[in-house]
Amino acid sequence: MKRDAVLDEIRRLDPVTDHQRIAYLTSLHEFPWDTTRSLELALFRAFAVAKGTTLLAGTGEFAQRTQKRYDDTVLILAEILEHGYDSERGKAVLRRMNQMHGRHAIPNDEFLYVLSTFVFEPIRWNERFGWRPLHQNEKLASFHFWREIARRMAIQDLPQDYASFERYYHDFALQHYQFAPENRALAVATRDLLLGWYLPKRLWPLGRPFVHAMLDDQLLAAVGLPRPHPAIRRITEGAVRLRSRIVRRLPPRRKPRLITRQRHPTYPNGYTIEELGVR
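Small disclaimer: the values here were computed from a predicted structure and weren't measured.

Between two aromatic rings, the relevant description is the distance of the centres plus the angle of the planes. Counted by the stated rule, this structure contains 19 aromatic pairs. Measuring from ring centre to ring centre gives 6.3 Å for Tyr-113 and Tyr-169, while their planes differ by 20 degrees; the resulting arrangement is stacked. With Tyr-113 in helix H8 (residues 108–129) and Tyr-169 in helix H10 (residues 162–176), this residue pair connects regions lying 56 residues apart in the sequence. Like Tyr-113, the residue Tyr-169 is buried in the burial classification. Relative to Phe-165, the ring of Phe-120 lies with its centre 5.8 Å away and its plane at 70 degrees, an arrangement referred to as edge-to-face. In this pair, Phe-120 sits in helix H8 while Phe-165 sits in helix H10, placing the two residues 45 residues apart along the sequence. In terms of burial, Phe-120 and Phe-165 fall into one category: buried.

This is the structure:
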């Protein structure tokens, strides 16, 4: 398989009319590992908005059932990416998501901000660590993909173009990032979940600064986590960039890495869409 075969297809596609195909290829074929890591960071950005974390912490889902909440979020997004938002499974998972959100009075601007992180966190990650730069079609397709999902979630006041949405993403953080104890509780639970995948609990204190090193200073302050030593940040970022250089030299991926077909700790024997989320 030619190294640039997938990118060649992406170049030929239209980012407006073909945005689902481009999102599929980018997220699941070209950058599956990077997309997952960047969306994990997007979780921390949701926790930086103090006016929304009272509700998130109050449900107990993130603190008490962190793994389930993580698995549910990943699988809901994966179902939409893999099958399309107008497929039977895509429609079913969107109904499930809207049922869960409909139980709470979540402000429209918070919905819109979380959605913006799904667009721009992977783009920011790629700018720092991508094994190749994103094509403009990939950036625009991501905007159109998540904008269509926002419409199906009845989110209002959607920006009309990529640049406007990017401004919203940056401006919302400047205006609304503010520390609260609930922010830290949610961030700590998620950070420790991530560490638990790689290290025994007794080594978590050694691993924590390396997780913090992936978060910028504005975000760390808003979620109440300490800044890592500059050397830790250099080592962490250097390791991820080294991975990217290695990936660039590997043979091309022959098939997409489908998240729904992987094993998930909450659902070792598989899952149904009705099981996802809070009942």
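Checked against the element boundaries, Thr-17 lands in the loop between helix H1 (5–12) and helix H2 (19–30). Sequence separation of Thr-17 and Lys-201 is 184 residues, and the distance between their C-alpha atoms is 47 Å.

Further remarks concern the environment of Leu-43. By secondary structure assignment, the location of Leu-43 is in helix H3 (residues 32–47). Put simply, Leu-43 and Thr-117 are 74 residues apart on the chain and 8.6 Å apart in space, counted from C-alpha to C-alpha.

Here we take up the packing of H8 against helix H14 (residues 230–249). At a closest axis distance of 9 Å, the pairing of H8 and H14 adopts a crossing angle of 85 degrees. Comparing the axis directions of H8 and H14 gives the class roughly perpendicular. Of the residues in H14, those touching H8 at Trp-125, Arg-128 and Phe-129 are Glu-237, Val-240, Arg-241 and Ser-244.

On to the pattern of salt bridges. For the structure shown, the criterion picks out 21 salt bridges. Note that Glu-237 and Arg-128 form a salt bridge whose closest N and O atoms lie 3.0 Å from each other. In this pair, Glu-237 sits in helix H14 while Arg-128 sits in helix H8, placing the two residues 109 residues apart along the sequence. By relative accessible area, which is 15% here, Glu-237 ends up buried. Its relative accessible area of 28% is what places Arg-128 among the partly exposed residues.

Now for a nonpolar patch on the surface. On the surface, a nonpolar cluster with roughly 270 Å² of combined accessible area is contributed by Leu-242, Ile-246 and Leu-250. Position of Leu-242 relative to the elements: it lies in helix H14.

A word on the side chain of Asp-34. Tracing the backbone through its elements, the reader meets Asp-34 in helix H3. Excluding residues within four positions of it along the chain, Asp-34 makes contact with Trp-125, Phe-129, Trp-131 and Arg-243.

Looking only at helix H12 (residues 204–212), the buried set comprises Trp-204, Gly-207, Val-211 and His-212. Buried residues in H12, looked at end-on, bunch into an arc of 145 degrees, giving them a common side. For H12, the elements touching its buried residues are helix H11 (181–196), helix H13 (217–223) and H14.

Our next topic: the nonpolar core. Grouped together as the largest cluster of nonpolar side chains are 78 residues, with contacts concentrated most on Ile-80, Phe-145, Trp-146, Ile-149 and Tyr-177. Sort the elements by how many residues they give to this core and H8 lands first, with 10 residues. The residues contacting Phe-145, other than those within four sequence positions of it, are His-19, Gln-20, Ala-23, Ile-80, Leu-81 and Tyr-85.

Right, let's talk about the packing of H12 against H14 for a bit. Put simply, H12 and H14 touch, their axes get as near as 8 Å, and they point 75 degrees apart. In this view, H12 runs roughly perpendicular relative to H14, as classed from their interaxial angle. Contacts between H12 and H14 involve Pro-209, Phe-210 and His-212 from the former and Ile-232, Arg-233, Ile-235 and Thr-236 from the latter. Its residues assigned to classes, the contact of H12 with H14 shows four nonpolar, two polar and one charged.

Rules behind the numbers
Residues numbered from 1 in each chain as written. Predicted model: local features only at pLDDT ≥ 70, side-chain atom pairs only at ≥ 80, totals over all residues. Heavy atoms only, no water. Phe/Tyr/Trp six-rings, centres within 6.5 Å; stacked < 30°, edge-to-face > 60°. Helix = DSSP H or I, 4+ residues; strand = E, 2+ residues; numbered from the N terminus. Buried < 20%, exposed > 50% of the residue type's maximum accessible area, 1.4 Å probe, protein only. Axes fitted to C-alpha atoms, helices over the stretch in contact; angles between N-to-C directions. Parallel < 35°, antiparallel > 145°, perpendicular 65-115°, else oblique. Contact = heavy atoms within 4.5 Å. Salt bridge = Lys/Arg side-chain N within 4 Å of Asp/Glu carboxyl O. Patch = residues over 30% accessible without salt bridge, like charges linked within 9 Å, V, L, I, M, F, W, Y side chains within 5 Å. Areas by Shrake-Rupley, 256 points an atom, 1.4 Å probe, with all protein chains shown as cover. Arc of directions from axis to C-beta. Core = buried A, V, L, I, M, F, W, Y, C linked by side-chain atoms within 4.5 Å. Nonpolar A, V, L, I, M, F, W, Y, C, P; charged D, E, K, R; others polar.

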